[in-house]
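Structural overview for review
If you want the building blocks of each chain, they are given just below.
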Amino acid sequence: MTERTPDPRPLTGEPVCLDLLNTRWNEDGEPADLFAGAHGLTRMEGLAVWLESAGLAGRFRADAATLVHLLTARESLARAVADPADEGARALIDAVLDHGRIRATLTAEGPGERAEFADPAWGPAWTAARDYLDLLTGTPGRIRKCASESCVLHFHDTSRNGTRRWCSMAACGNRAKASRHYARTRVR
């Protein structure tokens, strides 16, 4: 698809690792998957939309190999986020990370780093796994799942006091408030 294809996901703009997890969401009570035909997009079109949304479109191709590797990374990240103590999940993340490395460089601005991949199709998956490590290094306690029981989205809590509960106050937060209000008014 072109750059103008809108991203149909309800939550975008999260760090790359969480944005990859958020390629699966619930819509009208049914599971949706950007990489499996959500909103009439083909798998490759969904991949192209995600690469564009994640800022990776200029660096990596939307092809079958990239999609397979991203699905591997998504499952690994989903397990690791759900249970950080899961040794198997850590091993899966490490397996994704084995496909790339950081190369130290010297640029006109000074020291720098560049990611390198033996197979560029692993680039987006490796980037997402590496981003997860960065979140764990900085603020691991702020990687959250939406508090709504019907929502499967994840976010990085950047609120000042670290008390964000909802993927979106306009969606899940508003539904929770409305539900509480309805319950209070029924009791009277």
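It should be noted that the structure appears before, not after, this text.
Figured I'd write up the structure that's included with this text. (Residues numbered from 1 in each chain as written. Predicted model: local features only at pLDDT ≥ 70, side-chain atom pairs only at ≥ 80, totals over all residues. Heavy atoms only, no water.)

Let's talk about the overall build of the protein
On a plain count of helices and strands, the protein comes out with six helices and six strands. The order of α-helices and β-strands along the protein, N terminus first, is α-β-β-α-α-α-β-β-α-β-β-α. Among the 188 residues that make up the protein, the fraction classed as buried is 40%. Roughly 10800 Å² of accessible area belongs to the protein as shown, and the carbon and sulfur atoms make up 52% of that amount. (Helix = DSSP H or I, 4+ residues; strand = E, 2+ residues; numbered from the N terminus. Buried < 20%, exposed > 50% of the residue type's maximum accessible area, 1.4 Å probe, protein only. Areas by Shrake-Rupley, 256 points an atom, 1.4 Å probe, with all protein chains shown as cover.)

Structural notes on helix H4 (residues 87–97)
Of the residues making up H4, those classed as buried are Ala89, Ile93, Val96 and Leu97. Taken around the axis of H4, the buried residues stretch over an arc of 100°, which confines them to a single face. Residues of H4 that are buried make contact with helix H3 (64–82), strand S3 (100–107) and helix H5 (123–138). The N-capping residue of H4, defined by a side-chain oxygen 2.9 Å from the backbone nitrogen of Gly88, is Asp86. (Arc of directions from axis to C-beta. Contact = heavy atoms within 4.5 Å. Polar contact = N/O pair within 3.5 Å; in protein donor to acceptor, adjacent residues only side chain to side chain.)

Describing the pairing of strand S1 (residues 24–27)
Examined bridge by bridge, S1 and strand S2 (residues 30–33) share four bridges and lie antiparallel to one another. Bridge assignment links Trp25 to a residue of S2, and that residue is Ala32. (Pairing = 2+ DSSP bridges.)

Comments concerning H3
For H3, built from 19 residues, the straight-helix expectation of 27 Å at 1.5 Å per residue is met to within 8% by its first-to-last C-alpha distance of 27 Å. Three or more residues of H3 are buried, namely Thr66, Leu67, His69, Leu70, Ala73, Arg74, Ser76, Leu77, Ala80 and Val81. (Expected span 1.5 Å × (residues − 1).)

What about unusual backbone geometry?
Non-glycine residue Asp28 carries a positive phi angle of around 55°. For Asp28, the location among the structural elements is in the loop between S1 and S2. Unusually for a residue other than glycine, His39 sits at a positive phi of about 55°. Within the fold, His39 resides in the loop between S2 and helix H2 (43–53).

A word on the pattern of salt bridges
Within the structure shown, the criterion is met by 12 salt bridges. The partner of Asp86 in a salt bridge is Arg79, with the nearest N and O atoms 3.0 Å apart. Each of Arg101, Arg103, Arg114 and Glu116 takes part in one network of salt bridges that share partners. (Salt bridge = Lys/Arg side-chain N within 4 Å of Asp/Glu carboxyl O.)

Things to note about the environment of Cys17
When you line up the elements, Cys17 lands in helix H1 (residues 16–21). You can call Cys17 buried: its relative accessible area is 1%. Expressed as a C-alpha distance, the spacing of Cys17 and Ala129, which sit 112 residues apart in the sequence, is 6.3 Å.

A few points about the packing of aromatic side chains
According to the stated counting rule, one finds three aromatic pairs in the structure shown. Pairing Phe35 with Trp50 gives two aromatic rings, centres 6.4 Å apart and planes at 85°, and the pair type is edge-to-face. Taken as a pair, Phe35 in the loop between S2 and H2 and Trp50 in helix H2 lie far apart in primary sequence, 15 residues in all. On the basis of relative accessibility, which here comes to 1%, the residue Phe35 falls in the buried class. A ring pair is formed by Phe60 and Phe117, whose centres lie 5.8 Å apart and whose planes are at 70°; its orientation type is edge-to-face. On the criterion of sequence distance, the pair formed by Phe60 in the loop between H2 and H3 and Phe117 in strand S4 (residues 110–117) is long-range, its members being 57 residues apart. (Phe/Tyr/Trp six-rings, centres within 6.5 Å; stacked < 30°, edge-to-face > 60°.)

Some words on the state of the cysteines
On inspection of all chains with the given rule, the structure shows zero disulfides. The closest cysteine sulfur to the non-disulfide-bonded Cys151 is located on Cys167, 3.8 Å from its own sulfur. Just so you know, Cys172 is unpaired, no disulfide at all, and the nearest cysteine sulfur is the one on Cys167, 3.7 Å from it. (Disulfide = S-S within 2.5 Å.)

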